[in-house]
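These are the residues of each chain, in order.
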Amino acid sequence: MYTQSFSVPDNAGQKSARTPSTENPELMAAFDARIDADGRIEPQDWMPEAYRKTLVRQISQHAHSEIVGMLPEGNWISRAPSLKRKAILIAKVQDEGGHGLYLYSAAETLGTSRDQMLEGLHSGKAKYSSIFNYPTLNWADVGVIGWLVDGAAIMNQIPLCRCSYGPYARAMVRVCKEESFHQRQGYEALLVMMQGTEAQRAMVQDAVNRLWWKCLAMFGPPDADSPNSAQGMRWGIKRISNDDLRQKFIDATVPQAKVLGVTLPDPDLKWNEARQHHDYGQIDWQEFWDTVEGNGPCNKERLSTRVKAHNEGQWVRDAALAHARKQQQRAHKEAA
Amino acid sequence: MSAPVEYILHLADNAVVLGQRNAEWCGHGPILEEDIAMGNVSLDYIGQARLLYQLAAARLGGDATEDKLAYFRDDTQFRNYTLLELPHNGPLVGYAVSNRDYATTITRNFLYGALMVLVWEALETSPDADLAAIAAKSLKEARYHLHHAADWLVRFGDGTDESHQRAQAAVDHLFVYTEEFWTPSAAEEAAVASGAGVDVRSLRAAWDAIVNDTLTEATLVRPEVRGYITEGKQGRHSEHLSYLLGEMQGLARAHPGATW
């Protein structure tokens, strides 16, 4: 599903200066040469600590986003208005869980365990995409999440298929295929609603009004305020700047909105012939940072729900371990 | 030879109600792999429900559709086993609030999964070709559901003290509801008479064998059951079904005639 630009540090708001490299210069030179040649870095390869740390942060944030992102859409599974839509939604939310699984696995190849990453999420230290800190208030939110949120995520993630770190890039290839399907199903669901009753069309417009600006913020802060981006570009972890991706998303979405028959809630949104792009209004970055820092409408609910599921599942995980150990002991005894 | 529509609806209602219940775990599972697995089980049930409702709708004719059957029938018209509508916790009244208990979920999936493997095996050779085709597809899924639930039940029973206690409590709570499996409803009798259905009583010995084997492996005790036998498949439900359907059907019913 969805990433925001992962130039957002886990200790959000504090944009720390990069520590100077104390790595072995020869290994560093070989690493740089591989990056410059657009080669892949694999788990067994030497890599600078800062590269490893940045990747763990980025991939785990991405994985957390998938898992937390199951909640806003999951909110409508029980109430999906047709069995077909219910089945599609369950499958989609299940896909997001699957993405979380590949991503945690990809991050584990860098030497950080899933438990450590979850601890980061549950303690509030690790971030996830802020888009999931907004409520899903009507059924059309499910369609709009597919169309716009997954659409924005695809824009972010397609370049990651060429990311310099092999396991992450390969996970992204599969994730992007599924995301593309998610986006189409969302758009299709909205098309059906827009051809339906007045009340259905109003639901779609309401969902677009609430989610449009949040989706634009998903691409991360403007390039001028995104200090981690340059290093990410240098390392081949990031390929296209936040603002360029945002522009690409807007340019692609405007004609889709027209076909759908919804209004994008930005009076400044218009085609600029000279730039050959759409101009658009000001994103409320204060609101974005408030939400990143934990003070959005649903941050506490989302996180508490993840913690609750994890804590209440402890006995299940303990049982599985205890049973596996008992079986091992029995096998030992039999062999003895 | 066609199975009666009421019988198909019984099979469909079972699937939709348990699919709805199991989907409640989506995003809340005890471990990510299990969250995905339970979503899959739920998806299978919703898929089975769709095929069965489509078949029932085709045979009813008129303006019947899968969604009209799922969303616009009332609780007293539902023909699912009472077992399947219960919330994921111990015995509590309809409006009681409780945390979900995975042992209850797994135990129910096990008891019902063991039945459905046998039911679909029998229906796979039904002379009702449409029903037989659905049975063939559903049988593969039911085998997985049984395998998955039995594995976890053994892990719980033979795991920690807490998991053992939870699993035994769930077995004690749910076992009595399985008595409903063996008392044929009018729809089941009509299906047997048509030649297209299966006599549930003929499946009991095989079901006992599956259940007893797994309970033994799990070091769990099969409880004695006596007294009231539930009648959900005859439309007389527990307090829980109307809540479940209220949530499931609310949005669809607020917009009658809308297409989604």
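Rules of the game
- Residues numbered from 1 in each chain as written.
- Chains lettered and ligands numbered in written order.
- Predicted model: local features only at pLDDT ≥ 70, side-chain atom pairs only at ≥ 80, totals over all residues.
- Heavy atoms only, no water.
- Helix = DSSP H or I, 4+ residues; strand = E, 2+ residues; numbered from the N terminus.
- Buried < 20%, exposed > 50% of the residue type's maximum accessible area, 1.4 Å probe, protein only.
- Contact = heavy atoms within 4.5 Å.
- Expected span 1.5 Å × (residues − 1).
- Bend = angle between axes of the 7 residues up to and from the residue.
- Buried area = accessible area lost by both parts, 1.4 Å probe.
- Salt bridge = Lys/Arg side-chain N within 4 Å of Asp/Glu carboxyl O.
- Nonpolar A, V, L, I, M, F, W, Y, C, P; charged D, E, K, R; others polar.
- Patch = residues over 30% accessible without salt bridge, like charges linked within 9 Å, V, L, I, M, F, W, Y side chains within 5 Å.
- Areas by Shrake-Rupley, 256 points an atom, 1.4 Å probe, with all protein chains shown as cover.
- Phe/Tyr/Trp six-rings, centres within 6.5 Å; stacked < 30°, edge-to-face > 60°.
- Lys NZ or Arg CZ within 6 Å of the ring centre and 35° of its normal.

## Side note on the environment of B:Ala3
Residue and element names in this part refer to chain B. Within the secondary structure, Ala3 is located in the segment before helix H1 (5-23). Judged by its relative accessible area of 4%, Ala3 falls in the buried class. Residues Ala3 and Leu174 lie 171 residues apart in sequence; the distance between their C-alpha atoms is 29 Å. Setting aside anything within four residues of it in sequence, one finds Ala3 in contact with Ile8, Arg59, Asp128, Leu131, Ser194 and Ala196.

## Focus: helix H6 (residues 129-157) of chain B
With 29 residues, H6(B) should reach 42 Å at 1.5 Å per residue; the first-to-last C-alpha distance of 41 Å fits that figure. In the structure, H6(B) departs most strongly from a straight axis at B:Ser138, where the bend amounts to approximately 30 degrees.

## What to know about the interface of chain B and chain A
Every contact between the two is made by 46 residues of chain B and, on the other side, 48 residues of chain A. Together, the buried faces of chain B and chain A total about 4,000 Å²; carbon and sulfur atoms form 66% of this surface. The interface formed by chain B and chain A includes 3 salt bridges. Two residues, A:Lys326 and B:Asp158, come together in a salt bridge whose shortest N-O distance is 3.8 Å. A per-element tally of the side of chain B that touches chain A places helix H2 (residues 32-60) of chain B first, with 11 residues. Of the residues assigned to the side of chain B that touches chain A, the class counts are 22 nonpolar, 13 polar and 11 charged.

## Considering the pattern of salt bridges
Counted by the stated rule, this structure contains 39 salt bridges over all chains. Residue A:Arg275 is joined to A:Asp279 by a salt bridge in which the shortest nitrogen-to-oxygen separation is 2.9 Å. B:Lys68 is the salt-bridge partner of B:Asp63, the closest N and O atoms lying 3.5 Å from each other. The exposure class assigned to B:Lys68 is partly exposed, which follows from its relative accessible area of 39%. The network of salt bridges with common partners includes A:Glu73, A:Lys92, A:Glu96 and A:Asp150.

## Observations concerning a nonpolar patch on the surface
A surface patch of nonpolar side chains, amounting to about 370 Å² of accessible area, comprises B:Val93, B:Tyr95 and B:Tyr243. Tracing the sequence through the fold places B:Tyr243 in helix H10 (residues 240-254).

## Concerning unusual backbone geometry
All names here are of chain A. Its identity is not glycine, yet Asp38 carries a phi of approximately 65 degrees, on the positive side. Positive phi values are uncommon outside glycine, yet Gln276 reaches one of about 60 degrees. Its place among the elements puts Gln276 in the loop between strand E1 (270-272) and strand E2 (277-279).

## Observations regarding the packing of aromatic side chains
Within this structure, the stated rule accounts for 18 aromatic pairs over all chains. Pairing A:Phe31 with A:Trp46 gives two aromatic rings, centres 6.2 Å apart and planes at 85 degrees, and the pair type is edge-to-face. Within this pair, whereas A:Phe31 is found in helix H1 (residues 25-36), its partner A:Trp46 is found in the loop between H1 and helix H2 (49-68), the two being separated by 15 residues in sequence. Under the relative-accessibility criterion, A:Trp46 is labelled partly exposed at 29%. With a centroid separation of 6.0 Å and 20 degrees between ring planes, the pair formed by A:Trp212 and A:Phe249 is classed as stacked. Here A:Trp212 is found in helix H8 (residues 198-217), whereas its partner A:Phe249 is found in helix H10 (residues 242-260), with 37 residues between them in sequence. The class of A:Phe249 is buried, set by a relative accessible area of 2%. Put simply, the rings of B:Tyr45, B:Tyr81, B:Tyr112, B:Phe175, B:Phe181, B:Trp182 and B:Trp207 pair up and form one aromatic cluster. Seen from the ring of A:Trp76, A:Arg79 lies directly overhead, with NZ or CZ sitting 3.7 Å from the centre.

## Describing H10(A)
Residue and element names in this part refer to chain A. Given a rise of 1.5 Å per residue, 19 residues ought to cover 27 Å, and the 26 Å separating the end C-alpha atoms of H10 matches this to within 8%. The sharpest bend along H10 reaches about 25 degrees and sits at Thr253, with the proline Pro255 one to four residues further on. For H10, the set of buried residues is Asn242, Leu245, Arg246, Gln247, Phe249, Ile250, Asp251, Thr253, Ala257 and Leu260. Gly261 sits one or two residues past H10 and shows a positive phi near 90 degrees.

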